[in-house]
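Results of the structural survey
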Amino acid sequence: MSQPGFTTLDATTMDTATAYRLLVGAVVPRPVAWITTRSKDGVVNAAPFSSYNYVAHSPPMVAVNIGTKDGQLKDTARNIVETGEFVVNVATLDTMDLMHGCSADYPSETSEIEALGIELIPGERIAVPRVAASPIQMECRLERAITLGRGLNTLYIGEVLVFHLSSTVFDGRYVDSVKLRPISRLGGPLYAELGELHNRPQLQKPPK
């Protein structure tokens, strides 16, 4: 039964475009994984994804959902499957425009890194380079890939092998979220930065 003042939509019969539009408008804000990968031929790819979060802490793991395009794997997904490696570079206010530029539809043989002049740092544990401008970079090894729903989406779970943390945001124990100035994704063309912060005491102890 519909609640007064609400629109009730049946998601079980909804088309893909409508479901996507509602999800990206409702599930906000979403952190952005600015992912670098390397193809088997050595082409370095960079692309942002906002269906992303951490999913485990022992060992540390992150997960990103990457949909297909015209029935084919996107460059990032294909590279992850073929090499088992990727880097999550945290996107910030300072890197927002450069990160956003990586979302353009480049041909597979074209590197966003070269097209946009992005400076890289070699990976330490994997063959995939990191984005130098990002203050936090996580080198990851693919732990598993899980196909979801009707097969249009796959969740790629990676174990974080190495954290690279800039001294501008990390004091040796904690990451300073304010100094980090992370960017989040909203619906449509919108991004957001941190707004007003609300301090509440932790009611549960952090994991050991």
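Attention in this report is confined to the structure presented alongside it. (Residues numbered from 1 in each chain as written. Predicted model: local features only at pLDDT ≥ 70, side-chain atom pairs only at ≥ 80, totals over all residues. Heavy atoms only, no water.)

1. Comments concerning the layout of surface pockets
We count it as follows: Here a cavity denotes grid points, spaced 1 Å and computed from the protein atoms alone, that fit a 1.4 Å probe unable to get out, and a pocket denotes an open set having protein on both sides within 12 Å along at least 5 of 7 lines; residues with an atom within 4 Å of a point are the lining. Grid points are joined across faces, edges and corners, and a volume is the space filled by probe spheres set on the points. Put simply, DSSP marks the helices as runs of H or I at least four residues long and the strands as runs of E at least two long, and each gets a number from the N terminus on. In this count, Pro and Cys sit with the nonpolar residues alongside Ala, Val, Leu, Ile, Met, Phe, Trp and Tyr, while Asp, Glu, Lys and Arg are called charged and the others, Gly among them, polar.
For the largest pocket, the calculated volume is near 1,600 Å³. Lining the largest pocket are 48 residues, and of these Y20, N65, G67, K74 and N153 lie nearest its centre. Within the residue set of the lining of the largest pocket, elements represented by two or more residues are α1 (16–26), β1 (30–31), β3 (44–49), β5 (60–67) and α2 (75–83). Among the elements that make up the lining of the largest pocket, the one with the highest residue count is α1 (five residues). Each residue belonging to the lining of the largest pocket can be placed in one class, and the counts come to 22 nonpolar, 17 polar and nine charged. What the second largest pocket holds in volume is close to 1,400 Å³. Around the second largest pocket sit 34 residues that line it, and Y54, M138, F163, V175 and S177 are the ones nearest its centre. Looking at the lining of the second largest pocket, the elements with two or more residues in it are β4 (52–57), β5, β9 (136–148), β10 (153–165) and α5 (177–180). With five residues, β4 is the largest single contributor of residues to the lining of the second largest pocket. Tallied by class, residues from the lining of the second largest pocket come to 27 nonpolar, five polar and two charged.

2. Examining a nonpolar patch on the surface
Stated precisely, the cut-off is as follows: In this scheme, patches are assembled from residues that exceed 30% relative accessible area and form no salt bridge. Like charges are connected within 9 Å, while nonpolar side chains (Val, Leu, Ile, Met, Phe, Trp, Tyr) are connected within 5 Å. Accessibility throughout is a Shrake-Rupley quantity obtained with a 1.4 Å probe, and a residue counts as covered only by protein chains that appear here. The term salt bridge refers to a pairing of a side-chain nitrogen on Lys or Arg with a carboxyl oxygen on Asp or Glu at a separation within 4 Å. Working definition: with a 1.4 Å probe on protein chains only, accessible area under 20% of the residue-type maximum means buried, over 50% means exposed, and in between means partly exposed.
A cluster of nonpolar side chains, namely F163, L165 and V175, defines an oily patch on the protein surface of about 230 Å² accessible area. Looking at where F163 falls in the secondary structure, it is placed in strand β10. Judged by its relative accessible area of 43%, F163 falls in the partly exposed class.

3. A few points about the sheet that holds strand β11 (residues 184–185)
Counted only if it meets this: A pair of strands is considered paired only if DSSP assigns at least 2 bridges between the two.
The strand order across the open sheet built from three strands is β1-β11-β12, with neighbouring strands paired in antiparallel fashion. For this open sheet the edge positions go to β1 and β12 (191–192), each flanked by a neighbour on one side alone. The sheet contact formed by β11 and β12 spans two bridges and is antiparallel. Residue pairing for β12: R185 is matched across the bridge by Y191.

4. Considering the side chain of R185
Note the following rule: Note that His is not counted, nor are the chain ends; the positive residues are Lys and Arg, and the negative ones are Asp and Glu. Whether two residues are in contact is decided by their heavy atoms, any of which lying within 4.5 Å being enough.
Examined against the element boundaries, R185 turns out to sit in strand β11. Comment: no salt bridge for buried R185; closest opposite-charge side chain is D97, at 11 Å. Beyond its immediate chain neighbours, meaning those up to four positions away, R185 contacts V28, P29, R30, V32, S50, L190 and Y191.

5. Structural notes on the sheet that holds β3
Where we set the bar: What counts as an axis is a line fitted to C-alpha atoms, over the stretch in contact for a helix, and the angles between N-to-C directions run from 0 to 180 degrees.
Taken in spatial order, the seven strands line up as β3-β2-β6-β9-β10-β5-β4 in an open sheet, and their pairing is antiparallel. Edge strands, defined here as strands with exactly one partner in the open sheet, are β3 and β4. Here the strands of the sheet are splayed against their neighbours by 35° on average, with no regard to which way each runs. Direction of pairing for β9 relative to β10: antiparallel, over a ladder of twelve bridges. Bridge pairing in β10 links E139 to V162. Packed on one face of the sheet, α2 meets β2 (33–38), β3, β5, β6 (85–90), β9 and β10 and runs near 55° to β2.

6. Some remarks on the packing of aromatic side chains
Inclusion rule: Only rings of Phe, Tyr and Trp enter the pairing, Trp through its six-membered ring, and a pair is recorded when the two centres are within 6.5 Å. The plane angle decides the type: under 30 degrees is stacked, over 60 is edge-to-face, the rest tilted. Put simply, a charge is over a ring when the Lys NZ or the Arg CZ is close to the ring centre, within 6 Å, and near the line of the ring normal, within 35 degrees.
The tally for this structure, following the rule as stated, stands at zero aromatic pairs. Here the guanidinium or amino end of R185 rests over the ring plane of Y191, the centre of that ring lying 4.5 Å away.

7. Points about the pattern of salt bridges
Evaluation of the coordinates by the stated rule reveals six salt bridges. Note that K69 is salt-bridged to D105, the shortest N-O span being 2.6 Å. Separated by 36 residues along the polypeptide, K69 in the loop between β5 and α2 and D105 in the loop between α3 (96–101) and α4 (112–116) bring together distant segments of the chain. Among the residues examined, K69 registers a relative accessible area of 36% and is labelled partly exposed. Residues E143 and R144 are paired through a salt bridge, measuring 2.7 Å at the closest nitrogen-oxygen approach. Given a relative accessible area of 46%, R144 falls into the partly exposed group.

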